[in-house]
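# Summary of the model geometry
As a plain string of letters, each chain reads:
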Amino acid sequence: MSAVSSGSRSERRRWAGWLMRIVRDPTALFGVLVLALLVSAALFAPIIAPLDPNKQDLAARLLPPFYAEGGSSAHLLGTDQLGRDVLSRIVHGARISLTIPLVSVTLAGIFGTAVGLLAGYRGGKTDAFIMRIVDTLFSFPGLLLALTILAVVGPSFWTLAIVLSLRIWMVFARMTRGLVLSAREDEYVEAAELVGASPVRIMIRHIAPNLTAPLLTLAVLESAHVILSEAALSFLGLGIQPPETSWGLDVAIGRQYVFSAPWLIIFPGLAIAVAVLGINLLAGWLRVAADPQESAKRFAAAADAPSAWSG
Amino acid sequence: MTRHRRFVGLLAVVALLLAACGDDEAATTTEAPATTQAPATTEAPTTTAAPTTTAAPEPEPMGASIVIGLGTEPGSLDPQAVDQFAMFTINDNVFHKLVSRNAAGDLVPGAATDLGTPVDDRTWQYTVREGITFHNGEPLNADAVVHSVLRIIDPDYATPLKDNLGTVVGAEKVDEHTVNILTSGPDPLIPTRMTLLYLVPPEASQSEDFGENPVGSGPYKFVSWERGIAVELEADPDYPGDAPSVSNVRFLFIEEYGTRLAGVLNDEIDLMVDLLPEDNARVAQTWSTPTGLKQFIVSLNARAGSPVEDVRIRQALNYAVDKEAIAESLFSGIGEILQGQMLNPNWFGFNPDLDPYPYDPDRARELLAEAGASDLEIQLVSLVGNSLLDKETTEVVAGYWAEVGVTAEIFIPEFSEYIDRLIDRENRPDAIFVPHDNILFDGDRTLSAYYHSQGCCGSMDPSEADDWIDAGRTEIDQAARLKLYQDVGQAGHDGAWYVWLISIPNVYGGTDRIEWSARADGLIHLTDIAVS
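What comes next is a walk through the structure. (Residues numbered from 1 in each chain as written. Chains lettered and ligands numbered in written order. Predicted model: local features only at pLDDT ≥ 70, side-chain atom pairs only at ≥ 80, totals over all residues. Heavy atoms only, no water.)

Helices and strands together make up the secondary structure of chain B, namely 15 helices and 21 strands. For chain B, buried positions account for 54% of its 532 residues. Long-range pairs, those at least 24 residues apart, make up 69% of the contacts in chain B with a sequence separation of at least 6. When the accessible surface of chain B is split by element, carbon and sulfur atoms take 51% of a total near 21,900 Å². (Helix = DSSP H or I, 4+ residues; strand = E, 2+ residues; numbered from the N terminus. Buried < 20%, exposed > 50% of the residue type's maximum accessible area, 1.4 Å probe, protein only. Contact = heavy atoms within 4.5 Å. Areas by Shrake-Rupley, 256 points an atom, 1.4 Å probe, with all protein chains shown as cover.)

Here you go:
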């Protein structure tokens, strides 16, 4: 991947090509824009958020959003049961709700890929041993495992991130192993073996780069799962703890007021839904774009379409 | 607005569906007892055709069924085992006490003929009314009273309710219906204490599963208990007097507030506890007890070595909190500010000379700076779902503290662990939020538990207040006893042992199917409910 940083013209053209392909695909563009919006909200939360997300104001509690009767532009999305600004909480909540997937998926991705590489390349007993462990862990109900660990260890940002990565690393291991098994048969790997390259070098220099695109797609897809899991765990009270905020936590807090103040669960719930949708759209596009065969099919379909009309 | 309306519309559809199902269920449950009852009440079924013809037009001989939604499930239904309000709420309909309270909260005779007579300094005499029997046929007589007293004070039985009996050391039978309650010294509170002694049958209460199958002598008898779901009671047909309007009741345990409220909105629940003020307008009827029953306070660890051992810090934590805003905004005006003490104005021992610490964040900052605690960090233990807005109140307090520079890390453990932390005498929490109720309505209970350094939940070093509380226990002269309690209140106020927040009444919501009024003690007497 280090080659990417070089500013050669062909590299730049390649990036421009990707950008053009995103812009031409409206669903992918939508996904990217939504994610960009949420990520920038997370990055610049203190600047964007109108108020401190933990600033209480009992006199202004349970104010409705701006469009409803009694709402005002002072609190665009209303206030919660302690008079805290809902919009500010969602903007700040984006930080945790988006950092957790980033951390968990990175941890799970690195570990799962390494394990998968080892299993796929070594084969034989190593493979059988590792993959049976993976199968065993797959058969555990993930959320239950996470709940148990969190109940014992106690919830915090890092336990949550690690517990959630424990739930998904097997997916990366399995996928990597499959890809490695097929890559092993390719001539370039054989060639590298013939010139005497060490197994580690072959795995890292020759096989791993070919896994980048499918694993990246998987990582994006898994982030969506992690967002939902974090929301679920926080909703159950074993995830993020106040005074930190996350969307799942806000939904949990708001559910008591579902009749009197529905905006307390509608907006954080919407944030979760939009984030997951954006990620899924991006992942779907990435899957197609990163696969030369799929891309070719698309291209052919696009090229055929006008001729069909004219014919 | 349209989004909300659509959402509400969706809820309404769900509500209608649920209501339709609910009606079916109610219909089948009310029918069931009527049909089983029919052969028993109508005379001997000489012909097989007779019961079927008489059963059909019979206009509900048994009265109505209702459903009551409670927030917590008691750990046991043994009326002498657990100190939980849900247990009292259910069992006050099943068991007798020697002395009861009327709806206004005044003492009235229960199973006894009067409030009791002090015979000497260590003896109170009661006469049990004749003709009361337990639902299993055992008579409620002097033996049953003696058994009940000895059972609850037995150290091996180790019940938290023992503390309510205070000075009681024993009981002895005088004759079949006369009994003496023996105390360790003069105790003016015995009639009040007797309101917390449920009378249990000597035989049945020795059974291992008495807590699951309680047998009482009251107007209602226990039917079944589905753990985690509901307790069912039915009116005892043999109970003297007119049959009550409610013949069957299910106490549903629904921890989730929204679910409980939805139950009332869908007519599945006739009466629910702990209605949020915001939802007053949504339910058909609301009730509230005439005075506050729950006192919200934050206990501060005043013992040497604690991070808040300096009295200036504890005073600062009091000055920092705007109790007025909590009462008026968070509780929509149903809360009343505590007067710088844990006692409610209508409890014995209230000190009218004390004032709440006013809201003065600047003074709080000054005091913290003087005490060298400008960046104080403490842990604040609390609980959720036990009382109205308990967690929210804790967060509000932490928010006010944060404004004067005190960082409170809120820790909300499981309920059982919360109780362990509250009564852990060795490791007192820095601060712990407590919703305190006092069903004795006398300072004795509150002060012995919270103002005595050896009480279950006191977090202060021993002081002369301990002696005053001990002296008050056996002080027969009410004026002297009042003075002692008021002095204790003053000492607590000066030492800022607590952050005294507000006192809130019990609030109920219900459908228009029932006619009822809330009692002063917050209990729900099924005999008071009329169903239309």
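Back to the text.
Residues and elements named next belong to chain A. Residues Val39, Leu43, Phe44, Ile47 and Ile48 make up a contiguous nonpolar surface patch of about 510 Å² in total accessible area. For the nonpolar patch, the secondary structure elements donating two or more residues are helix H2 (26–43) and helix H3 (45–48). Tracing the backbone through its elements, the reader meets Val39 in helix H2. (Patch = residues over 30% accessible without salt bridge, like charges linked within 9 Å, V, L, I, M, F, W, Y side chains within 5 Å. Salt bridge = Lys/Arg side-chain N within 4 Å of Asp/Glu carboxyl O.)

Further remarks concern the pairing of strand S8 (residues 220–226) of chain B. All names here are of chain B. Strand direction decides the pairing type here: S8 and strand S9 (residues 230–235), joined by six bridges, are antiparallel. Each residue of the ladder has a partner; that of Tyr220, found in S9, is Ala235. Between S8 and S9, which pair antiparallel and follow one another directly, the connecting turn spans three residues, one of which, Gly228, has a positive phi of 80 degrees. (Pairing = 2+ DSSP bridges.)

What follows is about helix H7 (residues 257–265) of chain B. Residue and element names in this part refer to chain B. Counting buried residues in H7 gives seven out of nine residues, a clear majority hidden from the surface. Regarding H7, the residues found buried are Tyr257, Gly258, Arg260, Leu261, Ala262, Gly263 and Val264. Asp267 sits one or two positions beyond H7 and adopts a positive phi of about 65 degrees.

Neighbouring strands of a sheet are bound in pairs by backbone hydrogen bonds; such pairs are parallel or else antiparallel. All names here are of chain B. Reading across from one edge, S8-S9-S10-S1-S11-S19-S12 is the order of the seven strands in this open sheet, with mixed pairing throughout. The two strands at the open ends of the sheet, each matched to only one other strand, are S8 and strand S12 (285–288). Each adjacent strand pair in this sheet contributes to an overall mean axis angle of 20 degrees, direction not counted. With five bridges connecting them, S9 and strand S10 (residues 246–253) associate as antiparallel partners. (Axes fitted to C-alpha atoms, helices over the stretch in contact; angles between N-to-C directions.)

Another point: the state of the cysteines. Formally, a disulfide is one covalent bond, and it connects the sulfur atom of one cysteine to the sulfur atom of another. All names here are of chain B. One pass over the structure, following the stated rule, counts one disulfide over all chains. Note on cysteine connectivity: Cys456 is disulfide-linked to Cys457, with sulfurs 2.2 Å apart. Residues Cys456 and Cys457 are joined through a disulfide that is left-handed, its torsion about the S-S bond being -85 degrees. (Disulfide = S-S within 2.5 Å.)

Residue and element names in this part refer to chain A. The contact between helix H7 (residues 157–184) and helix H9 (residues 199–235) brings their axes to 9 Å, and the two run at 155 degrees. Taken together, the axis directions place H7 and H9 in an arrangement best described as roughly antiparallel. Here H7 runs over H9; the crossing is right-handed. Between H7, through Leu160, Leu164, Arg167, Ile168, Val171, Phe172, Met175, Thr176, Leu179, Val180 and Ala183, and H9, the contact on the second element is made entirely by Ile207, Leu211, Pro214, Leu215, Leu218, Ala219, Glu222, Val226, Ser229, Glu230 and Leu233. A breakdown of the residues in the contact of H7 with H9 according to their chemical character gives 17 nonpolar, two polar and three charged. (Parallel < 35°, antiparallel > 145°, perpendicular 65-115°, else oblique. Left-handed = near helix turned anticlockwise from the far one by under 90°. Nonpolar A, V, L, I, M, F, W, Y, C, P; charged D, E, K, R; others polar.)

For the α-helix, the turn length of 3.6 residues means that residues three or four positions removed from each other point alike. All names here are of chain B. Within helix H13 (residues 443–450), eight of the eight residues are buried, which leaves it mostly tucked inside the rest of the structure. What H13 keeps buried is the set Gly443, Asp444, Arg445, Thr446, Leu447, Ser448, Ala449 and Tyr450. Backbone nitrogen of Asp444 and a side-chain oxygen of the N-cap are separated by 2.9 Å at the start of H13; the cap is Asp442. (Polar contact = N/O pair within 3.5 Å; in protein donor to acceptor, adjacent residues only side chain to side chain.)

This paragraph deals with the pattern of salt bridges. Following the criterion strictly, the structure yields 30 salt bridges over all chains and no others. Here B:Glu278 makes a salt bridge to A:Arg61, at a shortest N to O gap of 2.4 Å. Of this pair, B:Glu278 sits in the loop between strand S11 (271–273) and S12 while A:Arg61 sits in the loop between H3 and helix H4 (86–122), on two different chains. The two residues B:Glu278 and A:Arg61 agree in class, both being buried. Each of A:Asp80, A:Arg84, A:Arg89 and A:Asp250 takes part in salt bridges that share partners, so that together they form one network.

Moving on, we get to the sheet that holds strand S4 (residues 117–120) of chain B. Residue and element names in this part refer to chain B. Taken in spatial order, the four strands of this open sheet run S4-S5-S7-S6, and their pairing is antiparallel. One side of each edge strand has no neighbouring strand; the edge strands of this open sheet are S4 and strand S6 (168–175). Ignoring which end each strand starts from, the neighbouring axes of this sheet average 30 degrees apart. One ladder, built from five bridges, connects strand S5 (residues 123–127) with strand S7 (residues 178–183); its direction is antiparallel. Bridging across to S7, Tyr126 finds its partner in Val179. Together, S6 and S7 form the strand contacts of helix H4 (residues 142–153), whose direction differs from that of S6 by roughly 170 degrees.

All names here are of chain B. In the structure shown here, the tally under the stated rule is 18 aromatic pairs over all chains. Seen in terms of ring centroids, Phe88 and Tyr198 are 6.0 Å apart; in terms of plane orientation they differ by 35 degrees. Their pairing is tilted. Here the residue Phe88 occupies a position in helix H3 (residues 85–91), and Tyr198 occupies one in the loop between helix H6 (190–193) and S8, the gap between them amounting to 110 residues. Geometrically, the ring pair formed by Phe95 and Tyr198 is edge-to-face, given 6.2 Å between the ring centres and 65 degrees between the ring planes. (Phe/Tyr/Trp six-rings, centres within 6.5 Å; stacked < 30°, edge-to-face > 60°.)

The next thing to look at is the interface of chain B and chain A. At the interface, 27 residues of chain B touch 25 residues of chain A. Counting the surface lost from both chain B and chain A, the interface buries some 2,200 Å², and carbon and sulfur atoms represent 61% of this. Across the chain B-chain A interface, the total number found is three salt bridges. A:Arg255 is paired through a salt bridge with B:Glu256; the nearest N and O atoms lie 3.0 Å apart. At the junction of chain B with chain A, the criterion picks out nine residue pairs in polar contact (both at pLDDT 80 or more). For the side of chain B that touches chain A, the secondary structure elements donating two or more residues are helix H1 (2–41), H7, helix H9 (323–330) and helix H11 (390–403) of chain B. (Buried area = accessible area lost by both parts, 1.4 Å probe.)

So, about the environment of B:Leu447. Residue and element names in this part refer to chain B. Mapped onto the fold, Leu447 is located in helix H13. Taking the relative accessible area as the measure of exposure, Leu447 reaches 1% and is therefore buried. When the C-alpha positions of Leu447 and Asp163 are compared, they lie 12 Å apart, and in sequence the two are 284 residues distant. With residues up to four places along the chain from it excluded, the contact list for Leu447 reads Leu343, His452, Ile469, Tyr485 and Val488.

Glancing now at the side chain of A:Asp250. Residue and element names in this part refer to chain A. Tracing the backbone shows Asp250 in helix H10 (residues 247–254). The exposure class assigned to Asp250 is buried, which follows from its relative accessible area of 8%. Separated by 3.1 Å, the side chains of Asp250 and Arg89 make a polar contact. Residues in contact with Asp250, not counting those within four places in the same chain, are Arg89, Leu264 and Pro268.

Attention now moves to the pairing of strand S17 (residues 431–437) of chain B. Residue and element names in this part refer to chain B. Within S17, six of the seven residues are buried, which leaves it mostly tucked inside the rest of the structure. Looking at chain direction, strand S13 (residues 294–300) and S17 are connected through seven bridges and run antiparallel. When the sheet's bridge partners are listed, Lys294 is paired in S17 with Asp437. Here strand S15 (residues 377–381) runs beside S17; their pairing, made up of two bridges, is parallel. Across the sheet, Val381 pairs through a bridge with Ile432, a residue of S17.

Residues and elements named next belong to chain A. Running from amino to carboxyl end, H4 crosses H10 at an angle of 125 degrees, the nearest separation of the two axes being 8 Å. In this view, H4 runs oblique relative to H10, as classed from their interaxial angle. The segment H4 lies against H10, with Arg89, Ile90, Gly93, Ala94, Ser97 and Leu98 engaging Trp247, Asp250 and Ile253. When its residues are assigned to classes, the contact of H4 with H10 shows five nonpolar, two polar and two charged.

Honestly, that's just the spatial picture; any functional story needs more than this.
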